[in-house]
Amino acid sequence: MASTTANTTNLQTSVIRGIIGGIAGGVVFGMMMAMMNMLPMVGMLIGNDSPIIGFGVHMVISIIIGATYGVVGTRIPNNNWGIVVGAGVVYGIIWWVLGALIMMPIMLGMNEMVLQIGNDQWMSLIGHIVFGVILTIVYKVQSSRS
């Protein structure tokens, strides 16, 4: 029973660390998206093209993706900065494919854009990688303190 409680506490702590990393990465990526005027399209996921609403939607997504990393992050060695940064790059690419190339076009009714890659998508890839690296670095720093 004590082991189950410890595992639950460790998972909760890891998820919270992931959420904090997701917020940090989300703020930076959100600023990049604002400079590229991409936030109105994110807002359209809930039917509002306001950049402020788009930023809010983006941050909710960032928190969810950060929490998800918190679950996965417990299985990734974080004692090596190369592994941490590499995990961030891979995690960012995974979410670029799932989010920007598949889910977002489908949710916006732009099915012809699924898995289509142009200049906007390449810029999005850079943002997703930056997000992933910041997320994993913040996660590692928090993990190193315990």
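Scroll up a little and you will see the structure.
A short tour of the structure in this document, coming up. Residue numbers here run from 1 along each chain, matching the order of that chain's written sequence. Only residues with pLDDT of 70 or above have their local features reported here, since the model is predicted, and side-chain atom pairs are shown and tallied only from 80 upward, although totals for entire chains, interfaces and linings are computed over all residues. With hydrogens and water excluded, all non-hydrogen atoms of the structure serve as input to the side-chain values.

## What about the overall build of the chain?
And then number 1: Along the backbone of the chain there are 5 helices and 0 strands.
And then number 2: Secondary structure elements in the chain, listed N-terminal to C-terminal, are α-α-α-α-α.
And then number 3: In terms of overall dimensions, the chain has a C-alpha envelope of 50 × 30 × 25 Å along the principal axes.
And then number 4: For each residue, the accessible area found with a 1.4 Å probe, counting protein chains only, is set against the maximum for its type, and the residue is called buried under 20%, exposed over 50%, and partly exposed in between. For the chain, buried positions account for 37% of its 146 residues.
And then number 5: Here, two residues are considered to be in contact whenever any of their heavy atoms come within 4.5 Å of each other. In the chain, of all internal contacts separated by at least 6 residues, the share reaching a separation of at least 24 is 70%.
And then number 6: Carbon together with sulfur atoms contributes 70% to the accessible area of the chain, which is approximately 8000 Å² in total. The secondary structure listing takes helices from DSSP runs of H or I that are at least 4 residues long and strands from runs of E that are at least 2 residues long, numbered from the N terminus. What sets the accessible areas is the Shrake-Rupley method with a 1.4 Å probe; for residues, cover comes only from the shown protein chains.

## Thoughts on the packing of helix α4 (residues 81–107) against helix α5 (residues 119–144)
Helix packing geometry: the angle between the two helix axes and the distance between the axes.
And then number 1: Angles shown run from 0 to 180 degrees and are taken between the N-to-C directions of axes, each axis being a line fitted to C-alpha atoms and, for helices, limited to the stretch in contact. With their axes 7 Å apart at the nearest point, α4 and α5 run at an angle of 135 degrees to one another. Comparing the axis directions of α4 and α5 gives the class oblique. In this structure, α4 crosses over α5, and the sense of that crossing is right-handed.
And then number 2: Side-chain classes are defined by residue name, with Ala, Val, Leu, Ile, Met, Phe, Trp, Tyr, Cys and Pro counting as nonpolar, Asp, Glu, Lys and Arg as charged, and the others, Gly among them, as polar. In terms of residue class, the contact of α4 with α5 is made up of 18 nonpolar, 7 polar and 1 charged. Here the angle decides the label: under 35 degrees means roughly parallel, over 145 means roughly antiparallel, 65 to 115 means roughly perpendicular, and every other value means oblique. Put simply, a crossing is left-handed when the front helix is turned counterclockwise from the back one by less than a right angle, and right-handed when it is turned clockwise.

## Describing the environment of Met33
And then number 1: Along the chain, Met33 falls in helix α1 (residues 2–35).
And then number 2: Separated by 90 residues in the primary sequence, Met33 and Met123 have C-alpha atoms spaced 9.2 Å apart.
And then number 3: The residues contacting Met33, other than those within four sequence positions of it, are Met38, Leu39, Val42 and His58.

## Here we look at the side chain of Thr136
And then number 1: Relative to the assigned elements, Thr136 resides in helix α5.
And then number 2: Taking the relative accessible area as the measure of exposure, Thr136 reaches 1% and is therefore buried.
And then number 3: Residues contacting Thr136, with those up to four places away along its chain left out, are Tyr69, Val84, Ala87 and Gly88.

## Points about unusual backbone geometry
And then number 1: The phi angle at Asn37 is positive, at roughly 55 degrees, despite the residue not being glycine.
And then number 2: If you trace the backbone, Asn37 turns up in the loop between α1 and α2 (39–43).
And then number 3: Even without being a glycine, Leu115 presents a positive backbone phi close to 60 degrees.
And then number 4: Along the chain, the position of Leu115 falls in the loop between α4 and α5.

## What about the layout of surface pockets?
And then number 1: A pocket here means an open set of points on a 1 Å grid, computed over the protein atoms alone, that has protein on both sides within 12 Å along at least five of seven lines. A cavity is instead a set of points where a 1.4 Å probe fits but cannot get out; residues with an atom within 4 Å of a point line either one. Grid points are joined across faces, edges and corners, and a volume is the space filled by probe spheres set on the points. Considered as a void within the structure, the largest pocket measures approximately 730 Å³ in volume.
And then number 2: Every element with two or more residues in the lining of the largest pocket is listed here: α1, α2, α3 (51–73), α4 and α5.
And then number 3: Split by residue class, the lining of the largest pocket holds 23 nonpolar, 7 polar and 1 charged.

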